Amino acid sequence: MQSSATKLVEELGRFGIVEWIDSHTLIVHVDRGKLRDIAKYLHWGIGGYFSVSIGSDERPLDNSFHVYHVFSLDHLGVYVVVDTRVSPGYLHIPSITPIIPGANWHEREVMDYFGIMFDDHPEPKRLILPYNWPKGVYPLRKDYPYNKKVYIEEASDEPEHDSRFAGKYTIIPIGPYHPALHEPEYFELYVDGERIVGARYKGFMVHRGMEKIAESRMTINQIPFLAERICGICGYTHNVAYCQAVENVAGIDVPERAHYIRSIMLEIERIHSHMLWLGIAFHFLGFDTGFMITWRLREKVMDLAEMLTGNRKTYGLNLIGGVRRDIDLSKALKVRKVLRDLRKDYVDYMEKILGLKEIIYRTRGVGVLDYGEARKYSVLGPTARASGIDTDVRKYHPYAAYRHVDFKIPVYKDGDVLSRILVRHEEIIESINIIEQLLPNLPRTPI
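Residues numbered from 1 in each chain as written. Predicted model: local features only at pLDDT ≥ 70, side-chain atom pairs only at ≥ 80, totals over all residues. Heavy atoms only, no water.

**Some words on the packing of helix α9 (residues 288–309) against helix α10 (residues 329–353)**
So the rule is basically this: Fitted lines through C-alpha atoms give the axes, limited to the stretch in contact for helices. The angle between two N-to-C directions lies from 0 to 180 degrees. Numbering of helices and strands starts at the N terminus; helices are DSSP runs of H or I of at least 4 residues and strands are runs of E of at least 2. Roughly parallel covers angles under 35 degrees, roughly antiparallel covers those over 145, roughly perpendicular covers 65 to 115, and oblique covers all other angles. The contact rule is simple, with two residues in contact once any of their heavy atoms fall within 4.5 Å.
Across the interface, α9 lies against α10 with an axial gap of 11 Å and an inter-helix angle of 170 degrees. In terms of their interaxial angle, α9 and α10 are classed as roughly antiparallel. Packed against α9, whose contacting residues are G290, I293, T294, R296, L297, K300, V301, L304, M307 and L308, the element α10 presents K331, K334, V335, V338, L339, L342, D345, Y346, Y349, M350 and I353 at the interface.

Next up, the structure:
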């Protein structure tokens, strides 16, 4: 592995200046002329995976903006951050979306927030900010006050239909407020008979500007509580991610017991999140018995979360440097008993549910995202694993206490709805296994 990393550094040196940020993260400072070349090399050339693009106003530091494209090299356990400097006098940078379509939304987010234009982007339209947001106003620039009010003209209309499909196919609007959607969002579907051939999407209607409020008026230990409210289902992951970022930058040594407690809570959250997802999937299939069964079992997991943290959701467990609550012996025994009973009931029910031919027929071969398309759009998590991509940040970039546990990564090749159900089903069982490995081995350290 060490020789492979050394070779990687030599190869990346062809594109720019290479530095190690830490033991598993490289940064490459690249001129705009080589940006697409290195993106192609990392994502398609050596089996890396595009993760995220980040804009940053660093004018107070070096009088420049920066765009960071992050790639995950799972086979090496390394992240590569590609840093391109953008002059305030020429806010243009080559788009990598023509090479990696999954970068589309990331680059458009940077356009909205910072006013950096991505040349040759195939869809350079507003993504997060409203269509009638005033021109020249970029809210994540450092000189934009967090409490400044913006006047928006009501008369401004949304862009026309997608010219690639409008006039050729039937248009079906869904949303922005629709009983089958769990967030206010708008889908404009272009259909040929019963086949969807294209879509125009508009979401982010409940966007609250959390980034700006965090960097402007919150203290370092208030932000974890805000981060946990990014999502009503998987908020703890955002909380942990923020705390780890600050801890890594500041060189803070987090006690091992706190790492274990974080992993336990992350897996409890994964179980209830997957059960919620499965219940909604069954509901959409018209199988409300399955919906009620999975959500009834989920309540037992929510009760565990409340016992361990004081809350069913938005646990408020983390601070920079550790956790706020310990898991004592009595709680650990209660968790193990609940999970033991839960595993039996869950497996018994799911064997019956997944054996129903009605479920199989309505999910097999439906909503297929094959391996090539999944790679192209850089999907992650259970969606990627259901499309044949063997990726899991817990396994290949272990954090918290994941390096101390053994678990399987369920991977299916069909890329359909059934595969996405099966991945989550198996991950629930693996999450129970992980917690059962962690609880008896909680280190005797502070928290």
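**Some remarks on the pattern of salt bridges**
Worth spelling out the cut-off: Between Lys or Arg on one side and Asp or Glu on the other, a salt bridge is scored when a side-chain nitrogen of the former is within 4 Å of a carboxyl oxygen of the latter. Only protein chains enter the calculation, and the probe is 1.4 Å; a residue is then buried if its accessible area is under 20% of its type maximum, exposed if over 50%, and partly exposed in between.
This model, assessed by the stated rule, comprises 28 salt bridges. For E247, the salt bridge identified is with R262, shortest N-O distance 2.8 Å. Taken together, the residues E247 in helix α7 (residues 235–250) and R262 in helix α8 (residues 256–284) connect sequence positions 15 residues apart. We classify R262 as buried; its relative accessible area is 0%. In this structure, K313 and E269 form a salt bridge, with 2.9 Å as the shortest nitrogen-oxygen distance. Residue K313 is found in the loop between α9 and β11 (318–319), and its partner E269 is found in helix α8; the two are separated by 44 residues along the sequence.

**Regarding α8**
The criterion, for reference: Here the expected length of a helix is defined as 1.5 Å per residue gap, with one fewer gap than residues.
Compared with an ideal rise of 1.5 Å per residue, which puts 29 residues at 42 Å, α8 spans 42 Å between its outermost C-alpha atoms and is within 8% of the ideal. Positioned one or two residues after α8, G286 has a phi angle of 80 degrees, which is positive.

**Considerations on the sheet that holds strand β9 (residues 186–192)**
In plain terms, the rule: One requirement defines pairing of two strands: DSSP has to find at least two bridges between them.
If you walk across this open sheet you meet the 3 strands as β8-β9-β10, and the pairing is antiparallel. Each edge of the open sheet carries a strand with a single partner, namely β8 (170–174) and β10 (195–202). Within the sheet, the average angular offset between the axes of one strand and its neighbour, ignoring direction, is 25 degrees.

**Structural notes on the packing of aromatic side chains**
Definition in use: Any pair of Phe, Tyr and Trp rings, taking the six-membered ring for Trp, is counted once the centres come within 6.5 Å. Such a pair is stacked with planes under 30 degrees apart, edge-to-face with planes over 60 apart, and tilted for the rest.
Within this structure, the stated rule accounts for 11 aromatic pairs. On the numbers, 5.8 Å between centres and 65 degrees between planes, the contact of W105 with F204 is edge-to-face. With W105 in helix α4 (residues 104–114) and F204 in the loop between β10 and α5 (210–217), this pair connects stretches of sequence that are 99 residues apart. Judged by its relative accessible area of 40%, W105 is partly exposed. A centroid spacing of 6.4 Å and a plane angle of 50 degrees characterise the contact between F165 and Y169, whose relative ring orientation is tilted.

**Here we look at the side chain of E430**
For the record, the criterion: As used throughout, the charge tally considers Lys and Arg to be positive and Asp and Glu to be negative, leaving His and the chain termini uncounted.
Relative to the helices and strands, E430 is located in helix α15 (residues 417–438). Despite being buried, E430 has no salt bridge partner; K408 is the closest side chain of opposite charge, sitting 4.1 Å away. Not counting residues within four places of it along the chain, the set of residues in contact with E430 comprises F407 and K408.

**Details of the pairing of strand β5 (residues 78–86)**
Most of β5 is tucked away, with 7 of its 9 residues classed as buried. Bridging between strand β2 (residues 25–30) and β5 involves 5 bridges; their strand directions are parallel. Bridge pairing in β5 places L26 opposite V80. Inspection of the sheet shows strand β4 (residues 64–73) paired to β5 by 9 bridges, in the antiparallel sense. Each bridged residue has a counterpart across the sheet, and for L73 the counterpart in β5 is V78. Hairpin connection between β4 and β5: a loop of 4 residues separates the two successive antiparallel strands, and G77 in this loop has a positive phi of roughly 65 degrees.

**A look at unusual backbone geometry**
The amide bond that connects G175 to the next residue, P176, takes the cis arrangement and shows omega of 10 degrees. For P176, the position within the fold is in the loop between β8 and β9. Even without being a glycine, F204 presents a positive backbone phi close to 60 degrees. If you check the backbone angles, A400 has positive phi at about 45 degrees while not being a glycine. Here A400 shows up in the loop between α14 (393–396) and α15.

**Thoughts on the environment of D392**
Along the chain, D392 falls in the loop between α13 (381–386) and α14. For the pair D392 and V347, spaced 45 residues apart in the sequence, the C-alpha separation amounts to 23 Å. Not counting residues up to four positions away in its chain, the partners in contact with D392 are D74, R385, H397, F407 and I409.

**Considering α5**
Counting along an α-helix, one turn takes 3.6 residues, and residues three or four places apart therefore face a common direction. Where α5 is concerned, the buried positions are M210, K212 and A214. Buried residues belonging to α5 abut α6 (223–227).

**Points about the side chain of S72**
In plain terms, the rule: Contacts described as polar in this section are N or O atom pairs within 3.5 Å, which, within protein, must combine one atom able to donate a hydrogen with one able to accept it, while residues neighboring in sequence count only if both atoms come from side chains.
Within the fold, S72 resides in strand β4. Reaching out from S72, the side chain makes a polar contact with the side chain of D74 at a distance of 2.6 Å. Within the structure, the side chain of S72 is placed 2.7 Å from the side chain of H397, a separation counted as a polar contact. Residues within four places of S72 in sequence aside, it is in contact with G48, Y49, S51, V78, Y79 and H397.

**Notes on the pairing of β9**
Successive side chains on a regular strand alternate, one facing one side of the sheet and the next facing the other. Among the 7 residues in β9, 5 count as buried, and that is most of the element. Examined bridge by bridge, β8 and β9 share 5 bridges and lie antiparallel to one another. Looking at the pairing, I174 lines up with F187 of β9. Inspection of the sheet shows β9 paired to β10 by 7 bridges, in the antiparallel sense. Bridging across to β10, L189 finds its partner in A199. A loop of 2 residues connects β9 with β10, the two strands running antiparallel in sequence, and G193 in this loop sits at a positive phi of about 70 degrees.

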